[in-house]
Structure formats: C-alpha cells, structure tokens
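Chain by chain, the residues:
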Amino acid sequence: RATGAPPEVSDFGINEYNRDINTRPFYANWINASAVVSIHNNGGWGTGTETWYDETNGWTEQSRRLAQLVNDTVVRAIRERYNPNWPDRGLRSCNGCKGETRLAMRPAVIVEVAFMDTQWPDNAALHDEAFKRIVAQAIREALQVWSAQQPAS
C-alpha cells in the first residue's frame, strides 16, 4: 500500500499470511515486471538447492527456462566458491500449488536456496555472509543472462 498499489494488489487472501504471499506476484503484475524470482529457505530436513516453477500460469516454458538457469547458476556458484559438494536438487514443478508462481502473469520461479532446519551444511551456510553474497550474485547473473536471451519487444 505504501508504494501506491491498489487494494487488489495487497488485499487478496483469507489471512495475512496468504495476503503476503499473493502480494508478491500481484505487485510484479502491477508494475509489469519482466519476471518474478522469489528467494526462499526450504524446510523438511533435506539439503541443497532446488527451484520451482508453475505449469498453470500460462508461462510454463519461459518459467522452466528461467528456473533451470537460476538453479544451475546458483548451484554452480556455490560449488565453485563455497562447497564443492553442495547438493543440486534440481527443478520442481507444480500445477498451481504455490501462489508466488501461480498468480504471476509472467515467468516466475521460487529458488529454495538451502534448508533452514538442516544444521549442516545448509543452516550454517544461511548464516554465512559469504554464502549469501555468492547466492545473490548468482541470481543476478542468471537474470542478466535470461534477460539478454529474451526477444526484443
């Protein structure tokens, strides 16, 4: 609301948790962003990085390409600059199961960087400033490559 977005951007959902998640793709739609990249920490006692995309939002192929590029770039950067054994959990897709990708009217992905409930190596990495910098730089690099590959409008 503070950005001047209309109520339909920030007021969709049955509770504050859902409104928070829904606001992200609705805001991207409202400002006509090129893509949505949501950066998350995973849970469930696994380890490694995985990237999600949706198969129902009308941007399946573009989202899949973006997800592959983000996942590959992030995992490669972590392996080269932080932990050579970092697990690559690959791509995950779903049919409308995640609001941040389902509600985006453009290519959209969720990168699950590491598992916050797995102490080693994931949670330890999430508390390391160097790790966070590596991941952020890798996401930036992936977006630059992806953007350069898009047809001119």
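For the structure, see preceding data.
About the thresholds
Residues numbered from 1 in each chain as written. Predicted model: local features only at pLDDT ≥ 70, side-chain atom pairs only at ≥ 80, totals over all residues. Heavy atoms only, no water. Helix = DSSP H or I, 4+ residues; strand = E, 2+ residues; numbered from the N terminus. Rg over C-alpha atoms; globule rule 2.2 N^0.38 Å. Contact = heavy atoms within 4.5 Å. Areas by Shrake-Rupley, 256 points an atom, 1.4 Å probe, with all protein chains shown as cover. Lys, Arg positive; Asp, Glu negative; His and termini not counted. Charge placed at Lys NZ, Arg CZ, Asp CG, Glu CD. Patch = residues over 30% accessible without salt bridge, like charges linked within 9 Å, V, L, I, M, F, W, Y side chains within 5 Å. Salt bridge = Lys/Arg side-chain N within 4 Å of Asp/Glu carboxyl O. Buried < 20%, exposed > 50% of the residue type's maximum accessible area, 1.4 Å probe, protein only. Pairing = 2+ DSSP bridges. Axes fitted to C-alpha atoms, helices over the stretch in contact; angles between N-to-C directions. Polar contact = N/O pair within 3.5 Å; in protein donor to acceptor, adjacent residues only side chain to side chain. Core = buried A, V, L, I, M, F, W, Y, C linked by side-chain atoms within 4.5 Å.

Caption draft 1: Spotlight on the overall build of the protein chain. For the protein chain, the count of helices and strands is six helices and four strands. Against the 2.2 N^0.38 benchmark of 15 Å for 153 residues, the protein chain shows a C-alpha radius of gyration of 16 Å, consistent with a compact globule. Oriented by its inertia axes, the alpha-carbon framework of the protein chain measures out at about 45 × 40 × 30 Å. In the protein chain, the proportion of contacts linking residues at least 24 apart, taken out of those at least 6 apart, comes to 76%. When the accessible surface of the protein chain is summed, it comes to about 8,300 Å², and 51% of that surface belongs to carbon and sulfur atoms. Here the protein chain carries 16 positive and 18 negative side-chain charges, and the mean point of each set is 2 Å from the other.

Caption draft 2: Region of interest: a nonpolar patch on the surface. On the surface, Tyr27, Trp30 and Ile31 cluster together to form a nonpolar patch covering roughly 280 Å² of accessible area. Mapped onto the fold, Trp30 is located in helix α2 (residues 16-30). Taking relative accessible area as the criterion, Trp30 reaches 39% and is therefore assigned partly exposed.

Caption draft 3: Focus on the sheet that holds strand β3 (residues 88-94). Reading across the sheet, the four strands line up as β1-β4-β2-β3 and stay open at both edges, with mixed pairing between neighbours. For this open sheet the edge positions go to β1 (36-42) and β3, each flanked by a neighbour on one side alone. Going across the sheet, the axis of each strand differs from the next one's by a mean of 20°, ignoring polarity. Across six bridges, β1 lies against strand β4 (residues 108-115) in parallel orientation. Bridging from a neighbouring strand, Val37 pairs with Val109 of β4.

Caption draft 4: Layout of the environment of Pro151. Within the secondary structure layout, Pro151 lies in the segment after α6 (129-149). Placed 115 residues apart in sequence, Pro151 and Val36 show a C-alpha to C-alpha distance of 18 Å.

Caption draft 5: Highlighting the side chain of Asn71. Turning to its location among the elements, Asn71 is positioned in helix α3 (residues 60-81). Separated by 2.9 Å, the side chains of Asn71 and Thr51 make a polar contact. Leave out the neighbours within four places in its chain, and Asn71 touches Thr49, Glu50, Thr51, Asp88, Gly90 and Leu91.

Caption draft 6: Local environment of the nonpolar core. Judged by nonpolar contacts, the single largest core of 22 residues is most densely connected at Val70, Val74, Ile78, Trp86, Val113, Phe131 and Val135. Contributing elements (two or more residues each) for this core: α3, β4, α5 (119-126) and α6. Setting aside chain neighbours within four positions, we find Val74 in contact with Thr49, Val135, Ala138 and Ile139.

On their own, these measurements won't tell you what the molecule is for.
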